[in-house]
Amino acid sequence: PVDYIITQKLLPYSILTVSNNTGFKLYSLNSREKHTISIPYTLIVGLNNEDKLENFYYSEDSTIRWTKNYSKVLIEYPKNLGDMNLSIKIEGARPLDNPALVTFLINNHFVGNITYSGKQKIITYTILDTYLNDDYNILEIDSNTWNPRDYGSIDNRDRGIEVDWISVQPSNCENPAL
């Protein structure tokens, strides 16, 4: 039997360690530990969260990260808490002629979509518990990209949207994490 998996991909398992240089993650398949985070919580995407992210650019100012054409975030949330409220603060410039068409999925289930034109916003979705795994869930953010070099910048990254933070809480929570 297989006890461990090493991959750069984000998987819904307990992570034992992450290589900061390569992004490889070591997962244990035997000891499926339950989540270790207090609920509600807010994940600051730019703060040393490589173990919870896939396909993002490096942190800017230790607060935000740009997505690529698809990016993923590991969301720890015990399904037995019921429906989950998920709030995402997005920001960052977008060219007027190329707004972001963004689709959000959780565990491959459609959650919602938006058109983002560069004005900071907070999007909140209620995720039904039928879409959730027992403890670890994968939020996918899909977006068309734009390249600042096409608009005169020296930055040559194909960017999606800028994500600041993600707030996770039960839908019946009276003390939000924001």
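In the block above lies the structure referred to throughout.
So, here is what we can say about the structure in this document. Within each chain, residue numbers correspond to sequence positions counted from 1 in written order. Totals for whole chains, interfaces and linings use every residue, but because this is a predicted model, local features are given only for residues with pLDDT of at least 70 and side-chain atom pairs only at 80 or more, for both listing and counting. With hydrogens and water set aside, each side-chain value is computed from the structure's full complement of heavy atoms.

**Digging into the pattern of salt bridges**
Here is step 1: Whenever a carboxyl oxygen of Asp or Glu lies within 4 Å of a side-chain nitrogen of Lys or Arg, that contact is scored as a salt bridge. Inspection of the entire model under this criterion finds nine salt bridges.
Here is step 2: Close ionic contact of Asp-155 with Arg-157 constitutes a salt bridge, the shortest N to O distance being 2.8 Å.
Here is step 3: Residue exposure (1.4 Å probe, protein chains only): buried if accessible area is under 20% of the type maximum, exposed if over 50%, otherwise partly exposed. What makes Asp-155 buried here is its relative accessible area of 16%.
Here is step 4: Here Arg-159 and Asp-155 are joined by a salt bridge, their closest N and O atoms 2.4 Å apart.
Here is step 5: Sharing partners across several salt bridges, the network here consists of Glu-60, Asp-155, Arg-157 and Arg-159.

**Focus on the nonpolar core**
Here is step 1: Put simply, buried Ala, Val, Leu, Ile, Met, Phe, Trp, Tyr and Cys residues joined by side-chain atoms within 4.5 Å make one nonpolar core. By size, the foremost hydrophobic cluster in this structure holds 29 residues, and its most contacted members are Ile-75, Phe-104, Leu-139, Val-163 and Ile-166.
Here is step 2: In this analysis, two residues are considered to be in contact whenever any of their non-hydrogen atoms come within 4.5 Å of each other. Residues within four places of Val-163 in sequence aside, it is in contact with Val-45, Phe-56, Thr-63, Ile-64, Arg-65, Thr-67, Ile-88, Lys-89, Ile-90 and Ile-141.
Here is step 3: Grouped together as the second largest cluster of nonpolar side chains are five residues, Leu-10, Tyr-27, Leu-74 and Ile-138 included.

**Quick word on the environment of Leu-139**
Here is step 1: Its location among the elements puts Leu-139 in strand β11 (residues 136-143).
Here is step 2: Between the alpha carbons of Leu-139 and Leu-16 there is a distance of 20 Å; along the sequence they are 123 residues apart.
Here is step 3: Once residues within four sequence positions are removed from consideration, Leu-139 is found in contact with Ser-71, Lys-72, Val-73, Ile-75, Leu-86, Ile-88, Phe-104, Leu-105, Ile-106 and Ile-166. Numbering goes from the N terminus for both helices and strands, where a helix is a DSSP run of H or I of at least four residues and a strand is a run of E of at least two.

**As for the sheet that holds strand β3 (residues 25-28)**
Here is step 1: Pairing within the open sheet is antiparallel, and its three strands lie in the order β1-β3-β2. Edge positions in the sheet fall to β1 (4-7) and β2 (15-18), since each of these pairs with one other strand and no more. The average undirected angle you get between the axes of adjacent strands in this sheet is 15°. In this analysis, strands are considered paired if DSSP registers two or more bridges between them. Working convention: axes come from line fits to C-alpha atoms, limited for helices to the stretch in contact. Angles between N-to-C directions cover 0 to 180 degrees.

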